[in-house]
Amino acid sequence: MLDRVDVEADILIIGGGSAGCLAAIRAKELAPEARVVVFEKGHIHRSGSLAMGMDAVNIVAIPGEGTPEEYVESATKAFHGVLDPTPSYVMAERSFALLQKLERWGINVPKDASGNYQSLQVHSKGKFAVPIMAPEIKVTLSNKVSDAGVTVLNRIQGVSLLTRGGRVAGAVGLNVRTGEMVVCRASAVILASGGCARFGLPDSGYLFGTFDFPGNAGDGFSMAFRAGAELTGMEFTRTSPLIKDMSCPLLYIVLTRGAEVVNAFGEKIGGEGGVSMGTMLKEIYDGKGPIFISMTHLPDEKVSEIESILFTTERPIQRKFFKGRGIDFREKAIELRPTEVQLCGGHGASGIRVDERAQTAVRGLYAAGDVACVPGQHLTGAFVFGEVAAEEAVALVRGSESPALDATQVGEARERMERLLSAHGPVTLHEFEYKLRRLINNYIASPKNEYKLGQALEWAERLEAELPKVATVEGAHQLGRALEVEAILDCARLSATAGRERKETRWGLQHLRTDYPEADPKLLGHIVLQRGDGGEVTTSFKAVGSR
Ligand SMILES: Cc1cc2nc3c(=O)[nH]c(=O)nc-3n(C[C@H](O)[C@H](O)[C@H](O)COP(=O)(O)OP(=O)(O)OC[C@H]3O[C@@H](n4cnc5c(N)ncnc54)[C@H](O)[C@@H]3O)c2cc1C
């Protein structure tokens, strides 16, 4: 029997990463009296995508350099028309003020000799990426959260949302150290738990060797779906080329500074306008891979500049990695491989359906960052919509009573966890997750077809039923892992269902249906997923920009 701890909040934030920190700070700025609580699965000081530092804020519309209109045009093109313009516009519109706020907080945003911000071109139009030198950015943010008087509950994994009468009423969490069940009543909940990094299995076979923060296992997608929110873009199974055997960012940093991409035949890929992810991935799938990043033609000072970013802000371990492989960028190219497939509303286009006010289909439930679908929003979106969600939540909390908890729902959350804890089968959770994610590679990643996606759904159903029977779940930590496996299973069901609905090829290799190889103009819109009365995934189609 799990012990129960009760917590009262006005605003509960699930996930203390980029979006969660900004939401918490903003809520306290606006309402110092509000009880703001954060459930963070890891430790807020070093959790989430930001933990290793950040080299740029990818979308900043600097006055005189780029406009929100240009940004929306560019992003719409990048996502092949499936992008609601208003949230992206609002993000770009607020981006410059946000950058200035980060600077006031002590984040180093380098400027040139004349005091101008640097800006790099990573979109098809406009220079929107602003470099930052911020290896300690997560610590800076988490300190601000503490200083603001937010109650941070570390090692608490959000498990399920509580609702009453169609409105959010709080959430149940699990203390992954003690095994206590934490029941939090809250008037508003902000989901900020990132995307699903642990979706496909990386080439290396390491469960946690993912590009994105591996603690993000799609819990937010799963919680939102189970609570009745809408999701979209789940068929956008994102992959991009990264350093082989080291899933670290590289492309934005080196391509914007003159590096070239070449294939295994030594041919340069991409023309005057640069090289897109799609072109690079196609080269690999066409059998001309591996592909490489080459900097041998760059002047020494440029290579040194790149090294200083890669080996400090981005990931210090890269220095050791390249030394170990005998790679000096001045002499040798870097081999790339496609990453595992992931679901993400930050780099990709998957997530909870939100409007420009970060509202979901469940009243009082907001979503921000990689868990929400604002395609290609990156760090800017996490920060801006973290703030937007907090502003909306504060307004809601001030104007309404907090709903009472539904004891049946709390009981169901307890039963779910206790059922998993009673699993004493022969299969370790590691083996179980490995098999699930290998099947995701086999049946959900591109190239896709009707048969494969159908197989994915069959396997998801089977594995869901088998988990409590064949796996072993011992103790609080493993219970947290088992709940993550359930979230990955939910994501697999959602992704395969959406993939089946989108009977066309869109976004290149992110959704390549070999049985429907062309784009269908009738499908220029959103495949929207929601939970049916019997727990099934229901689908509908909504036009771009509609609610
Ligand atoms: C390697 C890498 C490099 C990047 N570089 C750039 C860049 O240079 N510029 C840029 O603009 N963008 C960049 N991005 C994208 C950007 O970092 C993300 O879009 C952004 O940080 C997402 O913020 P988030 O709050 O949604 O997720 P995260 O910051 O990942 O936070 C999610 C948090 O939720 C917690 N969590 C997960 N599940 C639960 C649960 N069930 N209960 C409680 N807590 C939970 C996690 O522990 C984590 O702390 C990069 C991303 C990666 C992965």
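Definitions and cut-offs
Residues numbered from 1 in each chain as written. Predicted model: local features only at pLDDT ≥ 70, side-chain atom pairs only at ≥ 80, totals over all residues. Heavy atoms only, no water. Helix = DSSP H or I, 4+ residues; strand = E, 2+ residues; numbered from the N terminus. Rg over C-alpha atoms; globule rule 2.2 N^0.38 Å. Buried < 20%, exposed > 50% of the residue type's maximum accessible area, 1.4 Å probe, protein only. Contact = heavy atoms within 4.5 Å. Areas by Shrake-Rupley, 256 points an atom, 1.4 Å probe, with all protein chains shown as cover. Lys, Arg positive; Asp, Glu negative; His and termini not counted. Charge placed at Lys NZ, Arg CZ, Asp CG, Glu CD. Domains from an automatic or database assignment. Buried area = accessible area lost by both parts, 1.4 Å probe. Polar contact = N/O pair within 3.5 Å; in protein donor to acceptor, adjacent residues only side chain to side chain. Core = buried A, V, L, I, M, F, W, Y, C linked by side-chain atoms within 4.5 Å. Pairing = 2+ DSSP bridges. Near = heavy atom within 4 Å. Phe/Tyr/Trp six-rings, centres within 6.5 Å; stacked < 30°, edge-to-face > 60°. Axes fitted to C-alpha atoms, helices over the stretch in contact; angles between N-to-C directions. Parallel < 35°, antiparallel > 145°, perpendicular 65-115°, else oblique. Nonpolar A, V, L, I, M, F, W, Y, C, P; charged D, E, K, R; others polar. Expected span 1.5 Å × (residues − 1). Arc of directions from axis to C-beta.

### Quick word on the overall build of the protein
Right, on to step 1. Across its full length, the protein holds 14 helices and 18 strands.
Right, on to step 2. Its C-alpha atoms give the protein a radius of gyration of 22 Å, within 12% of the compact-globule value 24 Å for 547 residues.
Right, on to step 3. Each of the 547 residues in the protein was classed as buried or not, and the buried ones make up 60%.
Right, on to step 4. Sequence-distant contacts, at least 24 apart, represent 76% of the contacts inside the protein between residues at least 6 apart.
Right, on to step 5. For the protein, the accessible area works out to roughly 20800 Å², and carbon and sulfur atoms hold 50% of it.
Right, on to step 6. Looking at charge distribution, the protein has the averaged site of its 62 positive side-chain charges lying 1 Å from that of its 68 negative ones.

### Observations regarding the environment of Gly532
Right, on to step 1. Tracing the sequence through the fold places Gly532 in the loop between strand E17 (525-531) and strand E18 (537-543).
Right, on to step 2. It is 38 Å that separates the C-alpha atoms of Gly532 and Ser142, two residues lying 390 residues apart in sequence.

### Concerning the domain arrangement of the protein
Right, on to step 1. Domain boundaries assigned for the protein yield domain 1 (54-134), domain 2 (241-338) and domain 3 (411-543).
Right, on to step 2. Between domain 1 and domain 2, the C-alpha centre-to-centre distance is 23 Å.
Right, on to step 3. At the junction of the two partners, domain 1 supplies 10 residues and domain 2 supplies eight residues.
Right, on to step 4. Interface area, domain 1 with domain 2, both sides summed: about 720 Å², of which 63% is carbon and sulfur.
Right, on to step 5. At the boundary of domain 1 with domain 2, the tally comes to zero residue pairs in polar contact (both at pLDDT 80 or more).

### Some points on the nonpolar core
Right, on to step 1. Residues Leu191 and Phe199 are the most contacted members of the largest nonpolar core, which totals 146 residues.
Right, on to step 2. A total of 12 residues in this core trace back to one element, the largest contributor, which is helix H10 (residues 378-399).
Right, on to step 3. Of the domains in this structure, domain 1 (54-134) and domain 3 (411-543) are the two that each give at least three residues to this core.
Right, on to step 4. When near neighbours in sequence (up to four residues on either side) are disregarded, Leu191 contacts Ile14, Leu161, Gly220, Met223, Ala224, Ile352, Leu365, Tyr366, Ala367, Ala368 and Val371.
Right, on to step 5. Counting 28 residues, the second-largest nonpolar core is a separate cluster that includes Ile243, Met295, Phe321 and Leu336.

### A short note on the side chain of Asp490
Right, on to step 1. Assignment of secondary structure puts Asp490 in helix H14 (residues 475-501).
Right, on to step 2. Looking at Asp490, the relative accessible area reads 2%, which means it is buried.
Right, on to step 3. For Asp490, the contacting residues outside a window of four places in its chain are Ser222 and Arg226.

### Some words on the sheet that holds strand E14 (residues 334-338)
Right, on to step 1. Across the sheet, five strands lie side by side as E10-E14-E13-E11-E12; this open sheet has antiparallel pairing. For this open sheet the edge positions go to strand E10 (241-243) and strand E12 (268-269), each flanked by a neighbour on one side alone.
Right, on to step 2. The pairing of strand E13 (residues 291-294) with E14 spans three bridges and is antiparallel. Residue pairing for E14: Phe292 is matched across the bridge by Glu335.

### A closer look at the site of the ligand
Right, on to step 1. The environment of the ligand is made up of 38 residues, and the closest members are Ser18, Glu40, Ala56, Asp219 and Asp370.
Right, on to step 2. Take Lys41: an N or O atom from its main chain is 3.1 Å from a nitrogen atom of the ligand.
Right, on to step 3. At a separation of 3.3 Å, an oxygen atom of the ligand approaches a polar side-chain atom of Asp55.
Right, on to step 4. Mapped by element, the contributors of at least two residues to the shell around the ligand are helix H1 (18-30), strand E2 (36-40), strand E3 (54-57), strand E6 (156-164), helix H5 (219-227) and H10.

### Quick word on the sheet that holds strand E9 (residues 231-232)
Right, on to step 1. Strand order in the open sheet made by the four strands is E15-E9-E17-E18, with antiparallel pairing throughout. Two strands in the sheet have a free side with no partner beyond their single neighbour: strand E15 (351-352) and E18.

### Observations concerning the packing of aromatic side chains
Right, on to step 1. Taken as a whole, this structure holds seven aromatic pairs when the rule is applied.
Right, on to step 2. Ring geometry for Tyr71 against Phe128: centres 5.6 Å apart, planes inclined by 80°, an arrangement best described as edge-to-face. Residue Tyr71 is found in helix H2 (residues 68-78), and its partner Phe128 is found in the loop between helix H3 (85-104) and strand E4 (130-134); the two are separated by 57 residues along the sequence. Pair check on accessibility: Tyr71 and Phe128 agree, each one buried.

### A short note on the packing of H5 against H14
Helix packing for two helices is described by the angle between their axes and how far apart those axes are.
Right, on to step 1. In contact at an axis separation of 8 Å, H5 and H14 are set at 70° when each is read in the N-to-C sense. Looking at the two axes, H5 sits roughly perpendicular to H14. Counting all contacts with H5, which are made through Asp219, Phe221, Ser222, Phe225 and Arg226, the residues of H14 involved are Glu484, Glu486, Ala487, Asp490, Cys491, Arg493 and Leu494.
Right, on to step 2. Its residues assigned to classes, the contact of H5 with H14 shows five nonpolar, one polar and six charged.

### Details of the environment of Ile440
Right, on to step 1. Mapped onto the elements of the fold, Ile440 is located in helix H12 (residues 429-443).
Right, on to step 2. Spatially, the C-alpha atoms of Ile440 and Pro468 are 20 Å apart, while their sequence positions differ by 28 residues.
Right, on to step 3. Contacts of Ile440, omitting those with residues within four sequence positions, involve Phe199, Gly200, Val341, Ala445, Ile488 and Ala492.

### Section: H12
Right, on to step 1. When the terminal C-alpha atoms of H12 are compared, their 21 Å separation across 15 residues agrees well with the 21 Å that a helix rising 1.5 Å per residue should span.
Right, on to step 2. All buried positions along H12 are accounted for by Leu429, Phe432, Glu433, Leu436, Arg437, Leu439, Ile440 and Tyr443. Buried residues of H12, viewed axially, fall in a sector of 150°; they line one side.
Right, on to step 3. In this structure, the buried residues of H12 make contact with helix H13 (450-470) and H14.

### Brief notes about the side chain of Ser119
Right, on to step 1. Tracing the backbone through its elements, the reader meets Ser119 in the loop between H3 and E4.
Right, on to step 2. Residue classification places Ser119 among the buried positions, given a relative accessible area of 12%.
Right, on to step 3. At a separation of 3.5 Å, a polar atom in the side chain of Ser119 contacts the side chain of Glu65.
Right, on to step 4. Residues contacting Ser119, with those up to four places away along its chain left out, are Ile62, Glu65, Lys127 and Ala129.

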